[in-house]
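Structural overview for review
Each chain, letter by letter, is given below.
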Amino acid sequence: MGDCELILTGAGASSRTALEAVGRTMAQAFPAYTVRLVCTTRTPGGELRQALDQAVQHKIRTLLLQPVLLTRGEEYDRIQAAAAPYAKYFSSLQIGAPLLDSAKGLEAVSEVLSSIAQSYDSNTAVCFLGHGSKTRPNTVYTSLQALLPKSCFLGVLSGRPNTADVLSQLRASPYRRVVLHPLLLSAGGHALRDMAGDSETSWKSVFEKSGYPVQCVLRGLGEYPAIQALFAARGKAAAGTARGGCSTCPPPGEPHLTAPLRVELDQLKPVRGAAGHPGNKVALAHLVVQRHAVLPVQLLQLQSVGRVRLLRLQRGQSHPAAGNQRRSGGTDHISAHRADVQRGPQ
């Protein structure tokens, strides 16, 4: 056994199929690494902690942790929390980014979804069903929808756009047949029950009741070679930025897309300013404006923020200040590529 290990993590027992498919691609992309598959659960620590303990026992020096996830949600947070205490045991511990965590990632996944839709005739709409979240805004799905052809519709199980939203859009379109496809890495319980099940609330039943002939595709995105290759690229990007400690890595040159990015003030750390600039500013976020879809930033507890300076960045332009806004409280949605925050009186 070598001193490099790659741990692929997926959420729940149903993720095994996707993990195995991605694992085969990863084994080819990382010949010097031992590849281990871990299905995580909601149990604190759980299987991932066991895998990390084993890596320590095997005296692994370089550990790459690649979550097989689409979005940076609660499961990704649990993976980060479980891995962080182990950083001191490795020369390098890197955590790769999920697929929909960057502009290039959104575009790459949209190309896969578009190719799926192209296999159907012009009278057919392809509706992709994602997981979503009730506790975090589903803006990333809106950004992905903006990149898809008109025959593609996105909906989620938790939050919005929900079944009613997709059905409303479908009724306003010329499409008369519907294909339901999981926007999930595995076609597990959600695909079998919530999408293709026979209950009155399943997507299949709702669309059929509305008069649409429905075809269900029970194939997770993780079974597509193009998606497997994207995870390999995520892992390569993380491995290429290897350094001591524990960090999460987007591909080189790409900012994270946490859409929207929720930042508590106690998470903001002052940085030293460049020559001629104040040193008490805090780098808040670096976002990407994808075509005409502007990703919002949410600032929380703004009563402690004195000033927000917005910088809007377009391709080929420099960083001109977009103006200053003073806020005394509430939540501010900022349409900006970059924002700097100055702390107000404490």
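Report on the accompanying structure.

Thresholds, definitions, all that
Residues numbered from 1 in each chain as written. Predicted model: local features only at pLDDT ≥ 70, side-chain atom pairs only at ≥ 80, totals over all residues. Heavy atoms only, no water. Core = buried A, V, L, I, M, F, W, Y, C linked by side-chain atoms within 4.5 Å. Buried < 20%, exposed > 50% of the residue type's maximum accessible area, 1.4 Å probe, protein only. Helix = DSSP H or I, 4+ residues; strand = E, 2+ residues; numbered from the N terminus. Contact = heavy atoms within 4.5 Å. Expected span 1.5 Å × (residues − 1). Salt bridge = Lys/Arg side-chain N within 4 Å of Asp/Glu carboxyl O.

1. Re the nonpolar core
One finds L113, L183 and L221 to be the most contacted residues of the largest nonpolar core, which totals 42 residues. For this core, the elements supplying multiple residues, two or more each, are β1 (4-11), α1 (16-29), α4 (103-117), β5 (124-132), α5 (139-145), β6 (152-158) and α9 (225-240). The element that contributes the greatest number of residues to this core is α4, accounting for six residues. Not counting the four nearest positions on each side in its chain, L183 is found in contact with L70, L113, F128, L129, G130, Y141, L144, L154 and L221.

2. What about α9?
Side chains that are three or four residues apart share a direction in an α-helix, a result of its 3.6 residues per turn. Across its 16 residues, α9 extends 22 Å between first and last C-alpha, which sits within 8% of the 22 Å expected from 1.5 Å per residue. Along α9, the residues classified as buried are I227, Q228, F231, A232, R234, G235, A237 and A238.

3. Topic: the pattern of salt bridges
A full pass over the atoms with the stated rule returns eight salt bridges. Here R36 makes a salt bridge to E5, at a shortest N to O gap of 3.3 Å. Taken together, the positions of R36 in strand β2 (residues 34-40) and E5 in strand β1 put the pair 31 residues apart, joining distant regions of the chain. Each of the two residues, R36 as well as E5, counts as buried. The salt bridge partner of D121 is R177, with a shortest N-O separation of 2.5 Å. Of this pair, D121 sits in the loop between α4 and β5 while R177 sits in strand β7 (residues 177-182), placing them 56 residues apart in sequence. Assessed through its relative accessible area of 40%, D121 is described here as partly exposed.

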